[in-house]
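The primary structure of each chain is shown beneath.
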Amino acid sequence: MLLPLCLQRRPWKQYQAGRLLLMKSPRIRFTHIAGLVLLSLLTITAGGWGVLALIFSGPSSDMVRNILAAAFAGVSLAALIALGSRRWRWQAIAGYFALFTVLLVWWLSIEPSNERDWQMDVAVLPYATIEGNLITVHNIRNFDYRSETDYTPAYYDKHFDLRELEAVDMVASYWMGPAIAHIFLSFAFTGGGNLAISIETRKEKGEDYSSIKGFFRQYELIYVVADERDIIRLRTNYRHDPPEDVYIYRISGSIENGRRLFLEYMRKINALKTQPEFYNTLTTNCTTSIWLNTRVNPTHPPFSWKILTSGYVPELLYEYGRLDAGDLSFSELQQKSHINARAQTADDTADFSRRIREEFRNGAPATH
């Protein structure tokens, strides 16, 4: 019995000796360590994402969500520890990522919906009827505000002739420093007709906005189509906690680009009415969605990290020569584009859109 046993053990000893010899190679050791570091980072990332996904998007019961999140955190920690064990490393990793695949399949099965108990300001979806150059926009929001949260809902329909589009303006609203802003567009038609379109989260009653929750399929996407006396005046005249600073910039370039962009917005609005989508803090937000829509034009601006830090989008467009700035520096243009005082003076007057643009370009009244 001793001889067969020795014969059985010798190949294993030879394998171990060869393995140790290989591990002494600096290149092999570096590759081995780098692989373990990469697996550790993947495990930590997958574990963190999975825990947050279960907390925010798991079952409706708080207790069940917390139990599942804690269990997944424990499994993630066990898999991370197992990376240090030669004996259990690959079994643990294979099992862990099989579990993560199950979690991912569940995550992808979560679908957006238009049938929820929505907050009043996003309860009604807009849509458009397109007949060549003639476009009828339905459910344009025009609330009568007494305060940010006290208002009388109102909507109207309006006809637009695409051939009468004469300008596109960008509105930037700041409330927490220079890096973060809400960006939206306003389309100006001949005769003073301005239509503002803001890409936002469609929140349910009792739901607050959270950037973290925005990564986890918590909000549907909505294009709020509104009268400027609603969507701009809300920010300049009624929001005080925190207050918002609002700027309007005229976008330069071919008006044909503006017409194509307006049509793309109308198509997207109609698509969301029948096929809802989720908002995402990083990939499908106010600025990235605008950039994606501008790709309908052959000369759309290239992508930049400043699009992700939305407060710097006006400066980015200025650098690309996409703002009608004349010979003004950006700081001078920004100062003239600040509209809070003019909006507060104009309040609910019929010519609100004209009055907030009185010093829009080089100190002269804007033309429409």
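Here's what I pulled together on the structure shown here.

Reading guide: rules and limits
- Residues numbered from 1 in each chain as written.
- Predicted model: local features only at pLDDT ≥ 70, side-chain atom pairs only at ≥ 80, totals over all residues.
- Heavy atoms only, no water.
- Helix = DSSP H or I, 4+ residues; strand = E, 2+ residues; numbered from the N terminus.
- Buried < 20%, exposed > 50% of the residue type's maximum accessible area, 1.4 Å probe, protein only.
- Contact = heavy atoms within 4.5 Å.
- Areas by Shrake-Rupley, 256 points an atom, 1.4 Å probe, with all protein chains shown as cover.
- Salt bridge = Lys/Arg side-chain N within 4 Å of Asp/Glu carboxyl O.
- Polar contact = N/O pair within 3.5 Å; in protein donor to acceptor, adjacent residues only side chain to side chain.
- Phe/Tyr/Trp six-rings, centres within 6.5 Å; stacked < 30°, edge-to-face > 60°.
- Axes fitted to C-alpha atoms, helices over the stretch in contact; angles between N-to-C directions.
- Left-handed = near helix turned anticlockwise from the far one by under 90°.
- Nonpolar A, V, L, I, M, F, W, Y, C, P; charged D, E, K, R; others polar.
- Parallel < 35°, antiparallel > 145°, perpendicular 65-115°, else oblique.

## Concerning the overall build of the protein
(1) Moving on: Of the regular secondary structure elements, the protein holds 12 helices and 10 strands.
(2) Moving on: Counting every position in the protein, which comprises 368 residues, the buried fraction comes to 43%.
(3) Moving on: Contacts in the protein between residues at least 24 apart in sequence constitute 65% of all its contacts with a sequence separation of at least 6.
(4) Moving on: Accessible area of the protein: about 19500 Å², with a carbon and sulfur share of 59%.

## Some remarks on the pattern of salt bridges
(1) Moving on: In this structure the tally under the stated criterion is 21 salt bridges.
(2) Moving on: The salt bridge partner of Asp 169 is Arg 357, with a shortest N-O separation of 2.9 Å. One end of the pair, Asp 169, is in strand β6 (residues 165-174); the other, Arg 357, is in the segment after α12 (352-355), with 188 residues separating them in the sequence.
(3) Moving on: With its nearest N and O atoms 3.5 Å apart, the salt bridge here joins Glu 358 to Arg 354.
(4) Moving on: One network of salt bridges, with partners in common, ties together Glu 148, Glu 200, Arg 235, Arg 239 and Glu 244.

## Section: the environment of Asn 340
(1) Moving on: Along the chain, the position of Asn 340 falls in helix α11 (residues 340-346).
(2) Moving on: Residues Asn 340 and Ile 356, spaced 16 residues apart in sequence, show a C-alpha to C-alpha distance of 8.2 Å.
(3) Moving on: Look past the residues within four positions of Asn 340 in its chain and what remains in contact with it is Thr 236, Glu 244, Asp 245 and Val 246.
(4) Moving on: From its side chain, Asn 340 meets the backbone oxygen of Glu 244 in a polar contact 2.8 Å long.

## Here's the deal with the packing of aromatic side chains
(1) Moving on: Summed over the entire model, instances satisfying the criterion amount to 28 aromatic pairs.
(2) Moving on: Through a chain of ring-to-ring contacts, the aromatic side chains of Trp 49, Phe 56, Phe 72, Tyr 96, Phe 97, Phe 100, Trp 106, Trp 107 and Phe 216 assemble into a single cluster.

## What about the side chain of Thr 201?
(1) Moving on: Tracing the backbone through its elements, the reader meets Thr 201 in strand β8 (residues 193-202).
(2) Moving on: Among the polar contacts listed, one links the side chain of Thr 201 to the side chain of Lys 203, at a separation of 3.5 Å.
(3) Moving on: Beyond its immediate sequence surroundings of up to four residues, Thr 201 is in contact with Val 122, Tyr 209, Tyr 219, Glu 220, Ile 222 and Tyr 279.

## Overview of helix α5 (residues 228-238)
(1) Moving on: Counting buried positions along α5 gives 10 out of 11 residues, so the element sits mostly inside the fold.
(2) Moving on: Glu 228, Asp 230, Ile 231, Ile 232, Arg 233, Leu 234, Arg 235, Thr 236, Asn 237 and Tyr 238 are the residues of α5 that are buried.

## With respect to the packing of helix α6 (residues 255-274) against helix α7 (residues 286-294)
(1) Moving on: Contact pair α6 / α7: the axes reach a minimum separation of 9 Å and the direction vectors enclose 120 degrees. Relative to α7, α6 is oriented so that their crossing is right-handed. When α6 is examined against α7, the residues Leu 261, Glu 264 and Tyr 265 are found in contact with a partner set consisting of Ile 290, Asn 293 and Thr 294.
(2) Moving on: In terms of residue class, the contact of α6 with α7 is built from three nonpolar, two polar and one charged.

## Regarding the packing of helix α3 (residues 62-82) against helix α4 (residues 89-108)
(1) Moving on: Where α3 meets α4, the axes come as close as 9 Å, and the angle between the chain directions of the two elements is 150 degrees. With respect to each other, α3 and α4 are oriented roughly antiparallel. Between α3 and α4 lies a crossing of left-handed hand. The residues of α4 that touch α3, namely those facing Phe 72, Val 75, Ser 76, Ala 79 and Ala 82, are Arg 89, Ala 92, Tyr 96, Leu 99, Phe 100 and Leu 103.

## Brief notes about unusual backbone geometry
(1) Moving on: With an omega of 0 degrees, the peptide bond between Asp 241 and Pro 242 qualifies as cis.
(2) Moving on: Summarising the element assignment, Pro 242 is placed in the loop between α5 and β10 (245-250).
(3) Moving on: Phi is positive for Asp 347, close to 50 degrees, though the residue is something other than glycine.
(4) Moving on: Along the chain, the position of Asp 347 falls in the loop between α11 and α12.

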